[in-house]
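Each chain, letter by letter, is given below.
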Amino acid sequence: MGFEFVVLWTDLALWTLFAAMLGYGWRVSRHEALRATWRRVLRDAPASCSALLLLVFVAVTALDSVHFRRALPATAGQAVGTRFYDSRTESLLDLALQRQLAMRETTYSAPLAYRAITKQSVTIDGEVRRELPRLIHGGAHLDGAEPQLAEAWKADLRRRTLAGLAGGALLALLGTAAVALRLGRTHGGAAAALRAIAGDRTHYPLRALLLCFAALCLLAGPVVALMGHYHVFGTDRTGNDVLVQTLKSIRTAFVIGLLGTLATLPLAVVLGILAGWYRGWVDEAVQYLYTTLSSVPNVLLIAACVLMVQVALDKHPEWFETGVERADLKVFLLCVILGVTGWATLCRLVRAETLKLRELEFVQAATAFGIAPARIMARHILPNVMHLVLITTVLGFSDLILYEAVLTYVGVGVDPSTSSFGGMINLARSEMSRDPVVWWSFAAAFGFMVALVLAANLFADGVRDAFDPRARSLRPRLAALRKSAPGG
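Everything numeric here is computed off the predicted structure, so don't read it as measured data.

**Some remarks on the overall build of the protein**
Stage number 1. When helices and strands are counted, the protein shows 19 helices and five strands.
Stage number 2. The dimensions of the protein, computed from C-alpha atoms along their principal axes, are 100 × 65 × 60 Å.
Stage number 3. Per-residue burial for the protein yields a buried fraction of 42% across its 488 residues.
Stage number 4. Sequence-distant contacts, at least 24 apart, represent 72% of the contacts inside the protein between residues at least 6 apart.
Stage number 5. On the protein, roughly 26,000 Å² of surface is accessible, and the fraction owed to carbon and sulfur atoms is 66%.
Stage number 6. Looking at charge distribution, the protein has the averaged site of its 48 positive side-chain charges lying 9 Å from that of its 37 negative ones.

**A word on the pattern of salt bridges**
Stage number 1. On inspection of all chains with the given rule, the structure shows 19 salt bridges.
Stage number 2. Between Asp11 and Arg251 there is a salt bridge whose closest N-O contact spans 2.6 Å. Pair noted here: Asp11 is in helix 1 (residues 9-29) and Arg251 is in helix 9 (residues 242-263), with a separation of 240 residues, a long-range link.
Stage number 3. A residue is classified by how much of its surface remains accessible, and Asp11, at 3% relative accessible area, is buried.
Stage number 4. Three or more residues joined by partner-sharing salt bridges are found here, namely Asp11, Arg251 and Asp328.

**Focus: the pairing of strand 2 (residues 67-70)**
Stage number 1. Pairing geometry for strand 1 (residues 3-6) and strand 2, over four bridges, is antiparallel. Residue pairing in the sheet places Phe5 in a bridge with Phe68 of strand 2.
Stage number 2. Bridge count between strand 2 and strand 3 (residues 90-91): two bridges; the pairing is antiparallel. Within strand 3, the position partnered with His67 by the bridge is Ser91.

**Some details on the packing of helix 16 (residues 373-409) against helix 18 (residues 440-467)**
Stage number 1. Viewed as axis vectors pointing N to C, helix 16 and helix 18 meet at an angle of 165°, and their least axial separation amounts to 9 Å. Relative to helix 18, the element helix 16 lies roughly antiparallel. You can see that helix 16 and helix 18 cross each other, and the crossing is left-handed. Contact with helix 16, carried on its side by His387, Leu390, Ile391, Val394, Leu395, Phe397, Ser398, Ile401, Leu402 and Ala405, involves Met449, Leu452, Val453, Ala456, Asn457, Phe459, Ala460, Val463, Arg464 and Phe467 of helix 18 and no other residues of that element.
Stage number 2. Partitioning the contact of helix 16 with helix 18 into residue classes produces 16 nonpolar, three polar and one charged.

**Structural notes on the sheet that holds strand 3**
Stage number 1. Here we have three strands laid out as an open sheet, ordered 1-2-3, and antiparallel in their pairing. Edge positions in the sheet fall to strand 1 and strand 3, since each of these pairs with one other strand and no more.

**Let's talk about helix 11 (residues 280-295)**
Side chains of residues three or four places apart in an α-helix project in the same direction, reflecting 3.6 residues per turn.
Stage number 1. When the terminal C-alpha atoms of helix 11 are compared, their 23 Å separation across 16 residues agrees well with the 22 Å that a helix rising 1.5 Å per residue should span.
Stage number 2. Residues of helix 11 that are buried: Val282, Asp283, Val286, Tyr290 and Leu293. Seen end-on, helix 11 carries its buried residues on one side only, within an arc spanning 105°. In helix 11, the exposed positions that point more than 90 degrees away from the buried face belong to Trp281, Glu284, Tyr288 and Ser295.

**Focus: the packing of helix 6 (residues 148-187) against helix 8 (residues 206-226)**
Stage number 1. Between helix 6 and helix 8, the shortest axis-to-axis distance is 7 Å and the interhelical angle comes to 150°. It follows from the interaxial angle that helix 6 and helix 8 lie roughly antiparallel. In this structure, the crossing between helix 6 and helix 8 has a hand that is right-handed.

**Describing the side chain of Thr10**
Stage number 1. One can find Thr10 in helix 1.
Stage number 2. Of the residues examined, Thr10 reaches a relative accessible area of 0% and is grouped as buried.
Stage number 3. At 2.6 Å, the side chain of Thr10 and the side chain of Arg251 are in polar contact.
Stage number 4. Other than its neighbours up to four places away in sequence, Thr10 contacts Arg251, Val255, Leu259, Asp328, Val331 and Phe332.

**Points about unusual backbone geometry**
Stage number 1. Although it is not a glycine, Leu112 sits at a positive phi angle of roughly 65°.
Stage number 2. Its location among the elements puts Leu112 in the loop between helix 5 (98-102) and strand 4 (120-124).
Stage number 3. Using a relative accessible area of 22% as the deciding quantity, one classes Leu112 as partly exposed.
Stage number 4. A positive phi angle, close to 55°, is found at Asp200, a residue other than glycine.
Stage number 5. Relative to the assigned elements, Asp200 resides in the loop between helix 7 (190-198) and helix 8.

**Considerations on the confidence of the model for the protein**
Stage number 1. Looking at the protein as a whole, its pLDDT mean stands at 84, while 94% of the residues score no less than 70.
Stage number 2. The least confident element of the protein is helix 19 (residues 469-484), whose mean pLDDT is 51; the most confident is helix 8, at 94.

Cut-offs applied
- Residues numbered from 1 in each chain as written.
- Predicted model: local features only at pLDDT ≥ 70, side-chain atom pairs only at ≥ 80, totals over all residues.
- Heavy atoms only, no water.
- Helix = DSSP H or I, 4+ residues; strand = E, 2+ residues; numbered from the N terminus.
- Buried < 20%, exposed > 50% of the residue type's maximum accessible area, 1.4 Å probe, protein only.
- Contact = heavy atoms within 4.5 Å.
- Areas by Shrake-Rupley, 256 points an atom, 1.4 Å probe, with all protein chains shown as cover.
- Lys, Arg positive; Asp, Glu negative; His and termini not counted.
- Charge placed at Lys NZ, Arg CZ, Asp CG, Glu CD.
- Salt bridge = Lys/Arg side-chain N within 4 Å of Asp/Glu carboxyl O.
- Pairing = 2+ DSSP bridges.
- Axes fitted to C-alpha atoms, helices over the stretch in contact; angles between N-to-C directions.
- Parallel < 35°, antiparallel > 145°, perpendicular 65-115°, else oblique.
- Left-handed = near helix turned anticlockwise from the far one by under 90°.
- Nonpolar A, V, L, I, M, F, W, Y, C, P; charged D, E, K, R; others polar.
- Expected span 1.5 Å × (residues − 1).
- Arc of directions from axis to C-beta.
- Polar contact = N/O pair within 3.5 Å; in protein donor to acceptor, adjacent residues only side chain to side chain.
- pLDDT = per-residue confidence, 0-100.

Here is the structure:
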């Protein structure tokens, strides 16, 4: 069976961004000062562990950013050489989770359950009873009747959980052995390398990294072992697996966080440099612009823009072949809206830094030699404000992820057909008030979102400390003050 690739707007933007990151990595490898700065980031244990967790999220995002449509089987009378494709757009992540996508129940089910949470009328030996029905897929491999069925279920959960833990522990040990063998080349053997790792005497925080990797393996192992036969995080109102929705929401969070942050850069950097360099009426115009923008409540401004986009998309359904393309364009335009409305803070920082840089000797010398202002701004000002851009970009990533959750919660975020943390939390409003309480959708979305935002914040702290000299000099002084304090 054939297929055709489908390139969505956000796919193109994400893969372009990944290529730009690889290009930046190549530049760092050839620039000694940048290499030294990023080594400081990697020597920070929380930042390194956060980077490892972010790489896992990036891998999930990359798998969910390769889309295709399957070719439909040929029918009688179909012309030779013609091929029709399914209207449903899939991704490589959908292909990996194909079994979980097929395990659709009729309605809610609790995590790891084999029965539904609401009673139904069933006929047993000619008698109508109200009982909790068996799930169609969750625990369907279990046979028997109660109470033997419950005991078999518990034993099966224990067996599969222990097998997953053993697999995760084995993977963690293999990773540790590979690192020890690699490090043993410079430490006099693998045993000496293991002692150095255990004592945290390595150049990079390998002990923290390996512990983080082991924790991820031990968490992922049981999930992988159980997800083929149970709904690990339960199912939602329509019977869809919550784990699948949570994994697919990661891509939406990355799209909003990365593209929304990058969309602010053109306006913020260009206008900030122009205002700081030319001063005068240019500076006043830019300040008036971002002051006016900042005075409008962000949520109201974004909601108005999103509603206008929604009206345009509803009036032109012929623009899209599938519903996924329409929902994806809405997400892309939401990122553009977040960028157009959120550039004021970075513009202020770039303007202030440009005002300082234009008075330095090397800039004054370039001006005295008659170099054109555009060349000075491109060659001398822009490279020296990029540390602010990098720090602000990393710090703003987590803010926009939370922003998406708020916007979707109030109904002006991503399309309802797009999986997102905000959409899951929004649907959980009614679920948390029903009886019995359906808590697992909210808990899964909240847990994954907190893990992603926390990892992004810790990584941002490491980047800020490495790229901002004032942050590096402040931390030792704070540590000294704590030690000198009474009882410190």
